[in-house]
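# Chain and residue survey
Residues per chain are reported as follows:
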Amino acid sequence: DTEVTQTPKHLVMGMTNKKSLKCEQHMGHRAMYWYKQKAKKPPELMFVYSYEKLSINESVPSRFSPECPNSSLLNLHLHALQPEDSALYLCASSQIGGDEQFFGPGTRLTVL
Amino acid sequence: GNSVTQMEGPVTLSEEAFLTINCTYTATGYPSLFWYVQYPGEGLQLLLKATKADDKGSNKGFEATYRKETTSFHLEKGSVQVSDSAVYFCAFLTGTASKLTFGTGTRLQVTL
């Protein structure tokens, strides 16, 4: 299985809502990533988890809260988002020290 | 600092035309180099990679050669198809970090 899955595919939420994005992989990768991609822009790294521990936080606002409950799952909890947070959120995974990141299809988030 | 410079798009070609998308990078150390492709409404897929100088990555008719002396990794394809229409991102990964540095992306539109 060489696939990274993400749910939901689309999400619309209000600024007072709490929602979560989910990412799953079964490739045995111990590094997992969250990226944010605005329209017509490259992905921007948000968080990196290594061995289920947060290793990189790219100064992301606290309204985004990542969680890695086990080696296969990565969540991104969302609370009190702003309309400018509307974007495609991509999850990726890789081997520790590996050079290839495998990306999921993304969750397209719209904040009203 | 680290950066990737890609040629501006969009690039519009007729089917069976020759494609070149230029990419140059600025990085410390000896990065691994990548081309990712993003089809409309989808996540990123790794198209090809090269990990050391003079390596040639190839996949689906696309090729790119790691040129250390010119810090370049230009993407080429001899005969494009309509199905190649997508956004192409050049990127690199340095050995000491898990961070992919992306270029701004080049949109390719292939017409009949």
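Calculation criteria
Residues numbered from 1 in each chain as written. Chains lettered and ligands numbered in written order. Predicted model: local features only at pLDDT ≥ 70, side-chain atom pairs only at ≥ 80, totals over all residues. Heavy atoms only, no water. Helix = DSSP H or I, 4+ residues; strand = E, 2+ residues; numbered from the N terminus. Rg over C-alpha atoms; globule rule 2.2 N^0.38 Å. Buried < 20%, exposed > 50% of the residue type's maximum accessible area, 1.4 Å probe, protein only. Areas by Shrake-Rupley, 256 points an atom, 1.4 Å probe, with all protein chains shown as cover. Lys, Arg positive; Asp, Glu negative; His and termini not counted. Charge placed at Lys NZ, Arg CZ, Asp CG, Glu CD. Disulfide = S-S within 2.5 Å.

### Comments concerning the overall build of chain B
- Along the backbone of chain B there are 0 helices and 12 strands.
- Along chain B, helices (α) and strands (β) appear in the sequence β-β-β-β-β-β-β-β-β-β-β-β when read from the amino end.
- What you see for chain B is a C-alpha radius of gyration of 13 Å, in line with the 13 Å of a compact globule of 112 residues.
- Across the 112 residues in chain B, those meeting the buried criterion constitute 46%.

### Some words on the overall build of chain A
- Helix and strand counts for chain A come out as 0 helices and 11 strands.
- Each helix and strand of chain A, ordered N terminal to C terminal, gives the series β-β-β-β-β-β-β-β-β-β-β.
- Counting only C-alpha atoms, chain A reaches 35 × 25 × 20 Å along its principal axes.
- Taking all 112 residues of chain A together, 46% fall into the buried category.
- For chain A, the accessible surface area stands at approximately 5500 Å², while carbon and sulfur atoms represent 50% of it.
- For chain A, the distance from the average position of its 12 positive side-chain charges to the average position of its 11 negative side-chain charges is 9 Å.

### Quick word on the state of the cysteines
Residues and elements named next belong to chain A.
- Enumeration according to the criterion identifies 2 disulfides over all chains in this entry.
- The disulfide that involves C23 links it to C91, with 1.9 Å between the sulfurs. Since a negative S-S torsion denotes a left-handed disulfide, the C23-C91 link at about -70 degrees is left-handed. Here C23, found in strand β3 (residues 18-25), pairs with C91, found in strand β9 (residues 87-94); they are 68 residues apart in sequence, far enough to count as distant.

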